[in-house]
Amino acid sequence: MRVGVITFPGTLDDRDAQRAVRLAGHEPVALWHGEHDLHGVDALVLPGGFSYGDYLRCGAIAARSPIMTEVVEAAERGMPVLGICNGFQMLAEARLLPGGLVRNETGLFVRRDQRLRVERTSTAWTNRFEPGQEIVIPLKNGEGRFVATPDEVKRIEDEGLVAFRYLGENPNGSVDDIAGLTNAAGNVVGLMPHPEHAVELGFGPTTTRMKAGLDGLDIFKSALESVAA
């Protein structure tokens, strides 16, 4: 499967995402924000970083880049789309996912290995997990606090749109401990933690027998099974 990884000005985790795609058994395809061509890919990843220096709002300018016209159209046709950190912010700004991401409650940049609970497994990016499964994914953000109106939060919860939820301490003050969302169709998923940094043994939060560090790989492998199905 060919997975496009889009680079925007200020993106910094595109190479990591491409490597994660490759380790998951896919072919990564580098895409540029200024194009109107997805080059025939089967799925898309919007990686993390600080697109356009986070001016206006994080992801706001990138969400209006030329290639986002094709991203929105592809998502609406059912193509799997994953937004990681800044990519999640872009998906919210493009209205492919509800709510928004703002400055962390503490006002500080947070970096840690973050415990998560997988809330919904019927998505293109979570189908290899079990409902309620606990995983650990690195987190690094300064504007990762998920916010939404009370009515919007109710709709998100009622419709089962929470894909991942923070466990333990909420790192940024996100409402309802929301770490990641899906759209109703399950093909678009956004999350603030970075699964592309959890795709190799020995790079997790523990070094016991060098077995930790693979929790993010199943997110990328899920897309292959989703498209194949």
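Residues numbered from 1 in each chain as written. Predicted model: local features only at pLDDT ≥ 70, side-chain atom pairs only at ≥ 80, totals over all residues. Heavy atoms only, no water.

If you look the chain up in an unreviewed UniProt entry, it shows as Phosphoribosylformylglycinamidine synthase subunit PurQ from Agrococcus sediminis. Check the Subcellular location (unreviewed entry) section of the UniProt entry for the chain; it says "Cytoplasm". Its UniProt record gives the chain the following Subunit (unreviewed entry) comment, quoted word for word: "Part of the FGAM synthase complex composed of 1 PurL, 1 PurQ and 2 PurS subunits." (UniProt positions renumbered as here; feature names shortened; annotations may be inferred.)

A. Geometry of the pattern of salt bridges. Evaluated as defined, the whole model comprises 14 salt bridges. One salt bridge connects Arg112 with Glu169, and the closest N-O pair in it is separated by 3.9 Å. Taken as a pair, Arg112 in strand β6 (residues 110-118) and Glu169 in the loop between β9 (162-166) and β10 (178-182) lie far apart in primary sequence, 57 residues in all. Owing to a relative accessible area of 29%, Arg112 belongs among the partly exposed residues under this scheme. Look at Glu169 and you get exposed, because its relative accessible area is 57%. Of the charged contacts, one joins Asp218 and Arg128 as a salt bridge, the two residues approaching to 2.8 Å between their closest N and O atoms. Of this pair, Asp218 sits in helix α5 (residues 217-228) while Arg128 sits in the loop between β6 and β7 (134-141), placing them 90 residues apart in sequence. One connected set of salt bridges, linked through shared partners, spans Arg117, Glu119, Glu157 and Arg165. (Salt bridge = Lys/Arg side-chain N within 4 Å of Asp/Glu carboxyl O. Helix = DSSP H or I, 4+ residues; strand = E, 2+ residues; numbered from the N terminus. Buried < 20%, exposed > 50% of the residue type's maximum accessible area, 1.4 Å probe, protein only.)

B. A look at the UniProt feature "active site" (unreviewed entry) in the chain. The sites that UniProt annotates as "active site" (unreviewed entry) are Cys85, His194 and Glu196. Spanning 112 residues, the annotated positions come together in the fold, the maximum distance between their C-alpha atoms being 10.9 Å. From the set just named, the residues that line the largest pocket comprise Cys85 and His194. With respect to the helices and strands, the residue Cys85 is situated in the loop between β4 (81-84) and α3 (86-93). Apart from residues lying up to four places away in sequence, Cys85 is in contact with Gly48, Lys140, Asn141, Leu191, Met192 and His194. Mapped onto the fold, His194 is located in the loop between β11 (188-191) and α5. Residue class for His194 comes out buried when judged on its relative accessible area of 1%. Non-local contacts of His194, meaning those with residues more than four positions away in its chain, are made with Asp13, Gly48, Ile84, Cys85, Ile137, Pro138 and Lys140. (1 Å grid on protein atoms, 1.4 Å probe; cavity = no way out; pocket = protein on both sides within 12 Å on 5 of 7 lines; lining within 4 Å. Contact = heavy atoms within 4.5 Å.)

C. Inspection of the nonpolar core at higher detail. Within the largest apolar cluster, 65 residues are counted, with the highest numbers of intra-cluster contacts made by Leu44, Val45, Leu46, Leu82, Trp125, Phe164 and Phe220. Considering every element that reaches this core, the biggest residue donor is helix α2 (residues 67-77), with five residues. In contact with Leu82, not counting residues within four places along its chain, are Leu44, Val45, Leu46, Leu91, Trp125, Val189, Leu191, Ile219 and Phe220. (Core = buried A, V, L, I, M, F, W, Y, C linked by side-chain atoms within 4.5 Å.)

D. Representation of the layout of surface pockets in the model. Taken as a whole, the largest pocket spans an internal volume of roughly 160 Å³. Forming the boundary of the largest pocket are 17 residues, of which Gly49, Phe50, Cys85, Phe109 and Lys140 lie nearest the centre. Only α3 and β7 provide two or more residues apiece to the lining of the largest pocket. Looking at the lining of the largest pocket residue by residue, the classes come out as five nonpolar, seven polar and five charged. (Points joined across faces, edges and corners; volume = space filled by probe spheres on them. Nonpolar A, V, L, I, M, F, W, Y, C, P; charged D, E, K, R; others polar.)

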